[in-house]
Amino acid sequence: MRSQLLKLLPCLALAALAGCTEVPDDGNSQSFASSRNAPAPSSLPPGALTDAVSMPDAVWQRSAQLARYGHRFDKAFYQAAAQREAANIAALKQAFLDLGPGVDPEEAGRAAYVAYTYVAQLVVEYEIDSGPLAHNTAVNFGNKPRGLCWHWAHDMDARLQRENFKTLEIHRAIANYDSIRLEHSTTILGRRGDTMEDSLVLDPWRDAGDLYWSLVREDGRYDWTERSEVFAWKKAQKAKQTGTPAF
């Protein structure tokens, strides 16, 4: 038994230093390669790249209003980010449209633009310069201001909420909450009325600010559960440990 515990100590130490566990009532709740390959420009619909970088000023201004830690972001910053990610933005827009009828193309494009350009903003604010586990450790030691997985999820959620989508719906999810593996939180966006499983994971954490997205059911790395269900489970576990009823 002791030998088994000794073998687990390195894993437990890593979990303590690099963990990003999200707890109920938290206040609103080493690869750098792209997790998805954007289609070649020639395979995109006509005008897709132009549409990807063209957004009303009000859209980027809503991101700029959320700036923290003394940073200031101007139109040129978002234009540069959108230009850099134009093919990815166009691909994500198409993925939202592919969820089924009823998704407004304007909302799909706006959601994709916000996802990529706001991630670029958070990379600056979080001071991302290392892989996700190393960055978690820096945050937990107080050497970086923010950037745990649930920080990404919360901030992405808060930003997307400001768009007041009518045909898209935001979900929050957590993986690995009941195992020894590092717990992971994310934001999910899908067609309004669809289940979380039929929606798209938007996860900037796993590749250190390089936005990963896929259908929830096609995410080969994480098995996602609705955050509300996870919080209910955590409260029940805490009640068992303390002997107090969970309401």
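Preceding block: the structure.
Residues numbered from 1 in each chain as written. Predicted model: local features only at pLDDT ≥ 70, side-chain atom pairs only at ≥ 80, totals over all residues. Heavy atoms only, no water.

Visitor: For helix α9 (residues 227–242), give the residues involved together with the corresponding values.
Guide: Taking 1.5 Å as the rise per residue, α9 with 16 residues should run 22 Å; its terminal C-alpha atoms sit 22 Å apart, in good agreement. Looking at α9, one finds that the buried residues are Arg 227, Val 230, Phe 231, Lys 234 and Ala 239. Elements that come into contact with the buried residues of α9 comprise β1 (168–175) and β5 (225–226). Positive backbone phi, approximately 75°, marks Gly 243, located one or two places after α9. (Helix = DSSP H or I, 4+ residues; strand = E, 2+ residues; numbered from the N terminus. Expected span 1.5 Å × (residues − 1). Buried < 20%, exposed > 50% of the residue type's maximum accessible area, 1.4 Å probe, protein only. Contact = heavy atoms within 4.5 Å.)

Visitor: Would you mind going over the pattern of salt bridges in detail, with residue names and values included?
Guide: The tally for this structure, following the rule as stated, stands at 16 salt bridges. A salt bridge links Lys 144 to Asp 129, with the shortest nitrogen-to-oxygen separation between them at 3.1 Å. With Lys 144 in the loop between α7 (132–140) and α8 (149–161) and Asp 129 in the loop between α6 (105–126) and α7, the pair connects residues that are 15 residues apart, well separated along the chain. With relative accessibility at 15%, the residue Lys 144 sits in the buried group. (Salt bridge = Lys/Arg side-chain N within 4 Å of Asp/Glu carboxyl O.)

Visitor: So, the sheet that holds β5: which residues are in play, and what are the values?
Guide: Read from one edge to the other, the open sheet built from five strands follows the order β4-β3-β2-β1-β5, with strand pairing classed as antiparallel. With one partner strand each, in any of the chains shown, β4 (212–215) and β5 form the two edges of the open sheet. Running over the sheet, α8 touches β1, β2 (184–191) and β3 (200–203) and is turned about 25° from β2. (Pairing = 2+ DSSP bridges. Axes fitted to C-alpha atoms, helices over the stretch in contact; angles between N-to-C directions.)

Visitor: Give a description of the pairing of β3 that names residues and reports values.
Guide: Going residue by residue along β3, you find Leu 200 and Leu 202 tucked away on one face and Val 201 and Asp 203 tucked away on the opposite face as well. For β2 and β3, the ladder comprises three bridges, and the chain directions are antiparallel. Across the sheet, residue Ile 188 finds its bridge partner in β3, namely Val 201. As judged from the four bridges shared by β3 and β4, these two strands associate in the antiparallel manner. Within the sheet, the bridge partner assigned to Val 201 lies in β4 and is Ser 214.

Visitor: I'd like a description of the nonpolar core, backed by residues and values.
Guide: In this structure, Leu 92, Phe 96, Tyr 113, Leu 211, Trp 213 and Trp 224 are the most contacted members of the largest nonpolar core, which totals 54 residues. Ranked by residues supplied to this core, first place goes to α6 with 11 residues. If sequence neighbours within four positions are ignored, Leu 211 has contacts with Leu 92, Ala 115, Tyr 116, Val 119, Leu 202, Asp 203 and Pro 204. (Core = buried A, V, L, I, M, F, W, Y, C linked by side-chain atoms within 4.5 Å.)

Visitor: Break down unusual backbone geometry for me, with residues and values.
Guide: Of note in the backbone geometry, Tyr 69 takes a positive phi value of approximately 60° without being a glycine. Residue placement: Tyr 69 occurs in the loop between α3 (57–64) and α4 (75–84). Here the phi dihedral of Asn 164 falls at roughly 50°; this positive angle occurs in a residue that is not glycine. Relative to the helices and strands, Asn 164 is located in the loop between α8 and β1.

Visitor: Outline the packing of aromatic side chains, listing residues and values.
Guide: Evaluation of the coordinates by the stated rule reveals seven aromatic pairs. Ring geometry for Phe 77 versus Tyr 78: centroids 5.3 Å apart, planes at 85°, classification edge-to-face. Owing to a relative accessible area of 22%, Phe 77 belongs among the partly exposed residues under this scheme. Residue Tyr 78 is classed as buried on the basis of its relative accessible area, which comes to 0%. Looking at Arg 206, its charged tip hangs above the ring of Tyr 212, at a distance of 3.8 Å from the centre. (Phe/Tyr/Trp six-rings, centres within 6.5 Å; stacked < 30°, edge-to-face > 60°. Lys NZ or Arg CZ within 6 Å of the ring centre and 35° of its normal.)

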